[in-house]
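Next come the chains, spelled out residue by residue.
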Amino acid sequence: MAEVALSAVGKIYAGSVPAVKDITFAVPDGGFCVLVGPSGCGKSTLLRMIAGLETITMGEVSIGNRVVNRVEPMDRDIAMVFQNYALYPHMSVYDNMAYGLRNRKTPEPEIAARVAEAARILELEPYLKRRPRELSGGQRQRVAMGRAIVRKPQVFLFDEPLSNLDAKLRGAMRVEIKKLQRQLGVTAIYVTHDQLEAMTLADMLVVMNQGVVEQIGDPLTLYERPATTFVAQFIGAPPMNMIELSPGAAPPPGLDGVQSLPVPPAGALLGIRPEHLAVSADGEPPITDRPGDVDLDLTIDAVEAVGAETYLHGRLGGVGQSFTAREHGKMLLPPGTTRRFIARREHLHLFDAATGRRIEARS
Amino acid sequence: MEKRSYFAGRLLPYALLAPQLLVTIIFFYVPAVQAVYQSFLLQDAFGISTQFVWFENYQLLFADHAYYQAMSVTAVFSILVTALALSIALLLAVQADKNLKGAGVYKTLLIWPYAVAPVVAGVLWLFMFQPSLGTLARGLHELDVDWNPYLNSGDALTLVVLAAAWKQISYNFLFFLAGLQAIPKSLIEAAAIDGAQPMRRFWTIIFPLLSPTAFYLLTVNIVYVFFDTFGIIHAVTNGGPAGATTTLVYKVFNDGRAGGDLGGSAAQSVILMAIVIGLTAFQFRFIERKVNY
């Protein structure tokens, strides 16, 4: 078990723009860190640098207090699960899992014991003699996990391990990975572009964009207090609604209660999550407006009911910017209806329009 | 699921197959049948009288010491050429697969020998190793090596083996390189993380995954050394000295064309055909089983 620490890590491919710039963070021993961001943001490059599959151009990576910049992948005491699983097609499931142990000259009886243990945990016992091509996607994924756990490494690295599975299996495997990591107490670093996976797995979430870190923190903190507009829109589905506010100018028609917000001279972006736009259902008493709350008059133009909740899409003042609201239960408003939505002042997010950074409330 | 097209008419599939079948029939089956028929005939040197003699040609062949010599020369020659051509090509392909500077030029240059006609290849190697004029032969003499492929049967065999292998390396190289490039990079990375040193990675991961390619090349190379090396031998040694480089296919030519023994030559080519068919069948039956996926 070990802590993984990155200090001012950067990667520049020869004659090209930096892929990763000045990344510093530390994953505590036994922590589950998720690197998340859109494709091309450098998260996989960063993971591969930690694994030793890419050279480190700048900065230092250390695993368990040992700088590993010049250490071969096999000597870093890590195990990696690849997106395409990278199972050895000519070996049985047993041999796939035993390969790493055999390379390290582990005695055969111990190999057998460790593989049996991993197969038991991952429910792979009936398949040990099969070749990877005879397995389903989920089973291959579990073999890849098994190959990682038999080695008892200090760190698990996951490179989008669930992206080749269908949605249902992905959900199930996500839970299994988290359980397994808790059970083994191994430090894990996990790369994904799926914000749901990121939110559910991480103790520590690192949001990356264009080679730099946007924000680091626990998932709920990032959700509740996103540091930048990028994080605000990347974390959460459907994404946060954003509307521009200019200082001094009148707010767009249909928007009330924004006059008291501390809008900087360059302007601001007001963010409201869809679930924080509350509308009164028929027969319910109207939601009372408190000082500092923001009111929006939205004319509904599309309704998506998914059973437990309903997504209402509407335009501000009938013609303005489009907003999405997320309401509990069924809320089948006919298109064309105009309703008043209220966002509580504690649920408002304000960002500087020039820098994209969060403006903290002064109260 | 495999995609398949279905044709409405019954004639169209046959029509589409016809050109290939025609070529095979005219240039393979007809000559093969003719050779079998010819091998039962005895002709005088001027082609005036022909006699049907059943298996006499075969009986004479198996009583001939020179025929057994040709068989053993062929065995040594084919094992050496195949082993050399495959192993050197594999080594070169592994190097070319790395991210070398100028890998493109390197690949192109390696492919060229395949475009050289066998006889020309033979002449080139002969030039280099001709005992009195050849540059490399002189170098060998200066190193006190008593090199003379015209007189020394070992030297002659070495020379034709080198020339024949050199020409086949290009073809093998191309296939090995394609095979290597088809191996997903993540497998190699996984093996590196799994603690396999480069040599071990090669023998436990890369080579097994290349085995279908290697098997295919083995079959092609065997056929190559048995039949297509004729031109090289003809240009370099004429089968000499004293039959030291006379392989089965060269003997077919020599006895039939130069010796005028058409029946005996036909009998030899029938036997040669049987050997190659047998070897290929053996490879498919036994070696292919050990080949992965």
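Broken down by element type, chain A carries eight helices and 18 strands. Among the 363 residues that make up chain A, the fraction classed as buried is 52%. Taking the contacts inside chain A whose residues are at least 6 apart along the sequence as the reference set, 66% of them involve residues at least 24 apart. Accessible area of chain A: about 16,200 Å², with a carbon and sulfur share of 52%. Averaging the locations of the 40 positively and 41 negatively charged side chains of chain A gives two centres separated by 7 Å.

Okay, the packing of aromatic side chains next. Across all of its chains, the model carries 20 aromatic pairs over all chains by this definition. Ring centres of F62 of chain B and Y67 of chain B lie 6.2 Å apart, and the angle between their planes is 85°; on these two criteria the pair is classed as edge-to-face. Relative accessible area serves as the criterion here: at 1%, Y67 of chain B is assigned to the buried category. Plain terms: the ring middles of F202 of chain B and F207 of chain B are 6.2 Å apart, the flat faces sit at 40° to each other, and that makes the pair tilted. Put simply, the rings of F32, F156, F158 and Y190 of chain A touch in pairs and so form one group of aromatic residues.

This brings us to helix α1 (residues 43–51) of chain A. In terms of burial, α1 of chain A is a largely internal element, eight of the nine residues being buried. Among the residues of α1 of chain A, those classed as buried are K43, T45, L46, L47, R48, M49, I50 and A51 of chain A.

The pLDDT averaged across chain B works out to 82; a share of 94% of its residues lies at or above 70. Scoring the predicted complex yields pTM 0.79 and, for the interface, ipTM 0.81.

Before going further, it helps to spend a moment on the interface of chain A and chain B. In this complex, chain A contributes 25 residues to the contact, which on the side of chain B involves 20 residues. Area buried by chain A at its contact with chain B is led by M74, H90 and Y99 of chain A, which between them contribute 32% of it. With a closest N to O distance of 3.1 Å, D194 of chain B and R151 of chain A form a salt bridge. Applying the counting rule to chain A against chain B returns twelve residue pairs in polar contact (both at pLDDT 80 or more). Secondary-structure elements contributing two or more residues to the side of chain A that touches chain B are α1, β6 (78–81) and α2 (93–103) of chain A. Of all the elements, α2 of chain A adds the most residues to the side of chain A that touches chain B, at four residues.

Our next topic: a nonpolar patch on the surface. On the surface, a cluster of nonpolar side chains totalling about 990 Å² of accessible area is made up of L17, L21, L22, V23, I25, I26, F27, F28, Y29 and V30 of chain B. Relative to the helices and strands, V23 of chain B resides in helix α1 (residues 11–38).

Let us look at the sheet that holds strand β3 (residues 32–36) of chain A. Residues and elements named next belong to chain A. If you trace the six strands from one edge of the open sheet to the other, you get β6-β7-β8-β3-β9-β10, paired in mixed fashion. Sheet topology places β6 and β10 (212–217) at the edges, where each strand pairs with a single neighbour. Each strand axis lies, on average, 15° off the axis of its neighbour in the sheet, ignoring direction. In this sheet, strand β7 (residues 155–159) lies alongside β6 in parallel orientation, the contact comprising four bridges. Looking across to β7, one finds that A79 is bridged to F156. This element, helix α5 (residues 167–184), spans β3, β7 and β8 (187–192) of the sheet and lies at about 140° to β3.

Cut-offs and rules
Residues numbered from 1 in each chain as written. Chains lettered and ligands numbered in written order. Predicted model: local features only at pLDDT ≥ 70, side-chain atom pairs only at ≥ 80, totals over all residues. Heavy atoms only, no water. Helix = DSSP H or I, 4+ residues; strand = E, 2+ residues; numbered from the N terminus. Buried < 20%, exposed > 50% of the residue type's maximum accessible area, 1.4 Å probe, protein only. Contact = heavy atoms within 4.5 Å. Areas by Shrake-Rupley, 256 points an atom, 1.4 Å probe, with all protein chains shown as cover. Lys, Arg positive; Asp, Glu negative; His and termini not counted. Charge placed at Lys NZ, Arg CZ, Asp CG, Glu CD. Phe/Tyr/Trp six-rings, centres within 6.5 Å; stacked < 30°, edge-to-face > 60°. pLDDT = per-residue confidence, 0-100. Buried area = accessible area lost by both parts, 1.4 Å probe. Salt bridge = Lys/Arg side-chain N within 4 Å of Asp/Glu carboxyl O. Polar contact = N/O pair within 3.5 Å; in protein donor to acceptor, adjacent residues only side chain to side chain. Patch = residues over 30% accessible without salt bridge, like charges linked within 9 Å, V, L, I, M, F, W, Y side chains within 5 Å. Pairing = 2+ DSSP bridges. Axes fitted to C-alpha atoms, helices over the stretch in contact; angles between N-to-C directions.

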